Amino acid sequence: MRSEEGHLGLRLAMASVAVVLAMIPFGLLLIVARMPVDDLDMRVAEDLHAYALENPGVTRLLIVWTNLFGPWPWRIAVVAYAVWLLNKGAARLAAWAVTTITVGGLLALVLKIIVARARPHLPDPVALAPGDSFPSGHAVNATIGAGVIVLLLLPALPRWWRRVAWGFAWFLALSVACTRVALGVHWVSDAVAGVVLGVAVVAATTAAFETWRRDQGRRPAAPLAEGVEPESVEALRDRT
């Protein structure tokens, strides 16, 4: 068992490094290609800011939504789920979940430092946020958090409900990304990059986990349809 978990840890570490190597050039590319993006970003920011000032009720709702599904609620949810999995003896799934949310958060922070892009400066701001702008940490964590939880839940869901779960996960990720732009604390490109980064991290660690499963002689799975570890549902039920 220790050998299996050691191999899984190595796979997850290699996947994390691969994402880092892929995303750092992406961040550096933004520095070079920033000027063509700025015009679109500015137009959208100004239009949405005007709407936010004219509709304070909607703005208050956006603030509640962006806080409710912000980075820390997702981190707490994933870690709490991982603790429950550990108590059920599913250490590999717990390691995958915590690794994925941690790598995503750290990578977003690294990219913020590398790119050092300023946040929008708008008159009469309706919301404020600290730190640099690219990518949106809220978008990264919402995408990863929703993706991780759905991939853990899929084995226990009926086929039709799996589609509903993915639809709801995408709604949460994209809606949080949109709130960051609508509140004037991120540019459109920040939010898009956050979602893309989140998807990349989940895809990399999921692929690493599936490769490890096959190396252990387990049947090939389709994670998007069956979850990260399809056989986990029977194992968890046996331990209940």
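Our structure is the block above this text.
Everything numeric here is computed off the predicted structure, so don't read it as measured data. (Residues numbered from 1 in each chain as written. Predicted model: local features only at pLDDT ≥ 70, side-chain atom pairs only at ≥ 80, totals over all residues. Heavy atoms only, no water.)

A. How the structure looks around helix α8 (residues 188–215). Taking 1.5 Å as the rise per residue, α8 with 28 residues should run 40 Å; its terminal C-alpha atoms sit 41 Å apart, in good agreement. Where α8 ends, the next residue or the one after it, Gly217, has phi of about 85°, a positive value. (Helix = DSSP H or I, 4+ residues; strand = E, 2+ residues; numbered from the N terminus. Expected span 1.5 Å × (residues − 1).)

B. Region of the structure containing the environment of Leu111. Turning to its location among the elements, Leu111 is positioned in helix α5 (residues 91–115). Given the relative accessible area of 1%, Leu111 is considered buried. Between the C-alpha atoms of Leu111 and Phe134, which are 23 residues apart in sequence, the distance is 7.0 Å. (Buried < 20%, exposed > 50% of the residue type's maximum accessible area, 1.4 Å probe, protein only.)

C. Looking closely at the nonpolar core. The biggest cluster of nonpolar side chains holds 37 residues, and the ones touching the most others in it are Trp96 and Leu152. Of all the secondary structure elements, the ones that give two or more residues to this core are α4 (71–87), α5, α6 (137–153), α7 (159–182) and α8. Excluding residues that lie within four positions of it along the chain, Leu152 makes contacts with Tyr81, Leu85, Leu93, Trp96 and Ala97. Listed in part, the 5 residues of the second largest apolar core include Ala139, Ala177, Val181 and Val195. (Core = buried A, V, L, I, M, F, W, Y, C linked by side-chain atoms within 4.5 Å. Contact = heavy atoms within 4.5 Å.)

D. Structural detail: the packing of α6 against α8. Running from amino to carboxyl end, α6 crosses α8 at an angle of 35°, the nearest separation of the two axes being 7 Å. Helix-helix and strand crossings are classified by hand; for α6 and α8 the assignment is right-handed. The segment α6 lies against α8, with Ala139, Val140, Thr143, Ile144 and Leu151 engaging Ala191, Gly194, Val195, Leu197, Gly198, Val199, Val201, Val202 and Thr206. For the contact of α6 with α8, the per-class residue count stands at 10 nonpolar, 4 polar and no charged. (Axes fitted to C-alpha atoms, helices over the stretch in contact; angles between N-to-C directions. Left-handed = near helix turned anticlockwise from the far one by under 90°. Nonpolar A, V, L, I, M, F, W, Y, C, P; charged D, E, K, R; others polar.)

E. Structural detail: the packing of α4 against α5. It is at 8 Å that the axes of α4 and α5 come closest, and there the two elements cross at 165°. In terms of their interaxial angle, α4 and α5 are classed as roughly antiparallel. For the element pair α4 and α5, the recorded crossing hand is left-handed. Facing α4, whose interface residues are Arg75, Val78, Ala82, Leu85 and Leu86, α5 presents Ala91, Leu93, Ala94, Ala97, Val98 and Ile101. Taken together, the residues of the contact of α4 with α5 sort by class into 10 nonpolar, no polar and 1 charged. (Parallel < 35°, antiparallel > 145°, perpendicular 65-115°, else oblique.)

F. Quick peek at the layout of surface pockets. What the largest pocket holds in volume is close to 370 Å³. In terms of lining, the largest pocket is formed by 21 residues, of which the most central are Arg75, Leu109, Lys112, Arg119 and Gly137. Mapped onto the lining of the largest pocket, the elements with two or more residues apiece are α4, α5 and α6. Top contributing element to the lining of the largest pocket by residue count: α5, with 7 residues. Taken as a whole, the second largest pocket spans an internal volume of roughly 240 Å³. Lining the second largest pocket are 14 residues, and of these Trp166, Trp170, Val199, Val202 and Leu224 lie nearest its centre. For the lining of the second largest pocket, the secondary-structure elements that each account for two or more residues are α6, α7, α8 and α9 (223–226). Tallied by class, residues from the lining of the second largest pocket come to 11 nonpolar, 3 polar and no charged. (1 Å grid on protein atoms, 1.4 Å probe; cavity = no way out; pocket = protein on both sides within 12 Å on 5 of 7 lines; lining within 4 Å. Points joined across faces, edges and corners; volume = space filled by probe spheres on them.)

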